[in-house]
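Analysis of the macromolecular model
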Amino acid sequence: MMDFNHIEIEKKWQKEWDEKGVFKTEQKSDKEKYYVLTMFPYPSGTIHVGHVKNYVIGDVVARYKRMQGYNVLHPFGYDAFGLPAENAAIKNNVDPAEWTFKNIETIRKQIKKIGISYDWDREIATCTEDYYKWTQWIFLKLYEKGLAYKKNAAVNWCPSCVTVLANEQVVNGKCERCGTEIEMKKLEQWYFKITDYSEKLLNDLEKLEGWPENVKTMQKNWIGKSVGAEVHFTIENSGKKLTVFTTRPDTLWGVTFMALAPESPLVEELTTPEQKEEVEAFLNRVTKEDKFKRIAQGAKKDGAFTGSYAINPVNGERIPIYVANYILFEYGTGAIMAVPAHDQRDFEFAKEFNLPIRVVIKPENKELDELSEAYTEDGILANSDEFNGMKNREALEKIIDWLEENNFGKKSTQYKLRDWLISRQRYWGAPIPIIYCDDCGVVPVPEKDLPVKLPSNVKFEPTGKSPLTYTEEFINTTCPKCGKPAKREVDTMDTFVDSSWYFLRYINPKMDDKPFDSDDVNYWLPVDQYIGGVEHAILHLLYSRFITKVLNDLGYVNFPEPFSNLFTQGMIYKDGAKMSKSKGNVVSPDEMVEKYGADTLRLYMLFMGPPEKDAEWNDSGLEGIARFMNKVWNSMTKIIEVTKDVNDSINLTTKEEKSLRRKLHQMIGKITNDIEKNFQFNTAISGMMELINELNSYMNNVPEEKWNKPLLKELAHDFIILLSPFAPHVSEELWHMMGYNTFVLDAKWPKVDKEALKVDEIEIVIQVNGKVRSKIVVDANSTEEEIKKIAFDDEKVKKYLEGHEIKKVILIKGKLLNIVIK
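Note that the coordinates shown come from a computational prediction; the quantities given were computed from them, not determined experimentally.

As a further point, take the side chain of arginine 63. Relative to the helices and strands, arginine 63 resides in helix H2 (residues 49-67). Leave out the neighbours within four places in its chain, and arginine 63 touches Trp17, Phe23, Gly115, Ser117, Arg602, Ser724, Pro725, Pro728 and Leu745.

What follows is the structure in structure tokens.
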């Protein structure tokens, strides 16, 4: 028997797959297509086993689908622009491109060692000119459609990364990448008008039946649709209107003050000379506060009176206008009508500044005494003129109608979603293809002049401005309209723009006259199975959906959603923490492959637990899988040795043979179901372990000369195919040892033989008054009377029946017989 040499076997088959181009995909085929995609990595260095889990899950699906007869697309690439490369350039005085491509080379070698079946001819990197040319083209298409624009606004600024961040990139008031507390700055920035697609992005979530509910909920919450009313408050002594959005127009009669966000331009306009010093002191305090902490529930309320008043349209009351730290400029109009009796944050502010608190909703048949906190439940309207006595929820629509009839306001829908801020004051990103001309203004770069190339001779200094600002040969250009001297835009695009369409570029990765061929893309997309981390549930997935919808509206693609099915895998932890270089708890796949083999590593990654759950790395678990792999090798090579000349058909004569074949076909059904429907790879591997144990039991307990060799040959054939998506190298070796000159990847996935599942004999549990007293084996086709007779004749049962009257007998077919006695 040959020794199991994983190093030799894996190198052999990786070389063979590469030389024969086994993983190349036909662009078009008569077969049904299947596009399986794993989220591509940022090439920030070597990968650890936490990354490998994602790729192995995708590979199992890709190999399984190919064996089922699909034309499978399984590509790979790199999300290669971004801050880490530029920060490395600043720290180590290396070129970002050199640093990035060196890491790409390392990652490619690591992944090939694991045997992932990627079509390497389709490999892409978002930092190459032939890719970011088309990222710039997408920008221009959005600009032409009025979906890309520039404005001056307060933005999130990370002082460590020295760049702005989109709202989605701020987590609990900190930069999601480096953890530094963000600051607020006013800058002129480029935005994508994703808010134009708020309703489509929200409604189409219902079509995504193959997405996890928690991801859809996260997106719904981020889009944050609110239905209510816009209400116009007249500013005293000016005639101007201060419009607020509220979901609670039923509380309009309880307004006792107005509040503006600190960032609102109305603050300066409405602050009177007498209040200027107080307001400026407040603004100085609030700019030092973290925006997300200041609006958190329970945070201390701070503010200042502007000196101005508004008139409440529903009752003509004079309402003081404050600026307050708990108001967000990004939501609604950046101003609120404050109802302290029925909103806890308004209540806390009113208490802090000694402002009136008026109850306008009270419980039925109960008066509210002096409030210790806001009353936020539903109830009956009070102090609300003609609406008194109505249930507040039932009165909502009537109040909105009344506002519209009196020109006090109108029904309105608002979204929490803000436009996508794409400007970055960094070098290592796709340049924004815009030129500024003194005569012509803002001029988009003509498509024929794309790409706007990144220069290579730049200085990396943390100035807070893009390094391109100081690169004369880049910034100085000519206006494409008038030919006069002009300046280029120096900001680069957020890397989420690059990743918002990469799944389309895989279809035609080498096409140089357009980003993709629409016919080809419409054949392959949407992606049939997308696999990646739940941490991308808002950012990447939302942006990808938005760009796809824009391209759909422009006629470039015929599908509105990019990903039909989404699977979010769990994280791998070590020593109780998520694997990361900063924590020093990463496990290198290279070391594990060298010691145990790629197939053992792959199996362990999937056997750790349900793939959607987090799992703790454990070296002893890897040892257990290594023992299983040796058991597989020894069993299969022994069968191959004794069956190499066997061509007879299967004839089953003994109970052991029938049981073994039944187990084989049970496991074919189970493993197929586990992969196809549930992604329960851990239980699929358990099924293979069961089958090997049953096989070894047969081979150990039946003399070798009595082995049913045709049955063993069938089992080895089918088992190798079942194992191959999980452990492809050893499966390929065993497949060829069996005498096949094709790749196991091209074999047909086995089907369940229903005849094999039929049972000749079954075990019946015998109970007396619900307690197990014996077990009997009967013919599977036995009648109820025959089973009863055998049970009553059983010596173990007889002694419990003696001297007792039998009240009734209950038979659960195929399982148990319960005899009820007095």
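Most of helix H24 (residues 728-737) is tucked away, with eight of its 10 residues classed as buried. Buried within H24 are the following residues: Pro728, His729, Val730, Ser731, Glu732, Glu733, Leu734 and Trp735. Buried residues along H24 sit in contact with helix H1 (6-20), H2, helix H4 (96-114), helix H19 (598-607), helix H20 (619-643) and helix H23 (709-723). Phi for glycine 739, located one or two positions after H24, is positive at around 110°.

For helix H5 (residues 129-144), with 16 residues, the first-to-last C-alpha span of 22 Å sits near the 22 Å given by 1.5 Å per residue. Along H5, 12 of the 16 residues are buried, which leaves the element largely enclosed by surrounding structure. Just downstream of H5, glycine 146 is the residue with a positive phi angle, here 80°.

The subject of this paragraph is the sheet that holds strand S6 (residues 163-165). Ordered by their spatial adjacency, four strands build an open sheet running S6-S5-S9-S19, and the pairing between neighbours is antiparallel. Two strands bound the open sheet, and with one partner strand each, they are S6 and strand S19 (420-421). The pairing of strand S5 (residues 148-158) with strand S9 (residues 183-192) spans 10 bridges and is antiparallel. Among the inter-strand pairings, alanine 153 is bridged to a residue of S9, identified as leucine 187. Across the face of the sheet, H5 comes into contact with S5 and S9 while running at roughly 85° to S9.

Another aspect to go through is the environment of proline 526. Note on placement: proline 526 falls in the loop between helix H16 (518-524) and strand S26 (529-533). Here proline 526 falls in the partly exposed class, since its relative accessible area comes to 23%. Considering only alpha carbons, one finds proline 526 and asparagine 565, 39 residues apart in sequence, at a separation of 9.1 Å. Among all residues touching proline 526, those that are not within four sequence positions of it are Lys33, Phe559, Glu561, Pro562, Phe563 and Ser564.

Parameters at a glance
Residues numbered from 1 in each chain as written. Predicted model: local features only at pLDDT ≥ 70, side-chain atom pairs only at ≥ 80, totals over all residues. Heavy atoms only, no water. Helix = DSSP H or I, 4+ residues; strand = E, 2+ residues; numbered from the N terminus. Contact = heavy atoms within 4.5 Å. Buried < 20%, exposed > 50% of the residue type's maximum accessible area, 1.4 Å probe, protein only. Expected span 1.5 Å × (residues − 1). Pairing = 2+ DSSP bridges. Axes fitted to C-alpha atoms, helices over the stretch in contact; angles between N-to-C directions.

Nothing here speaks to function; it is geometry throughout.
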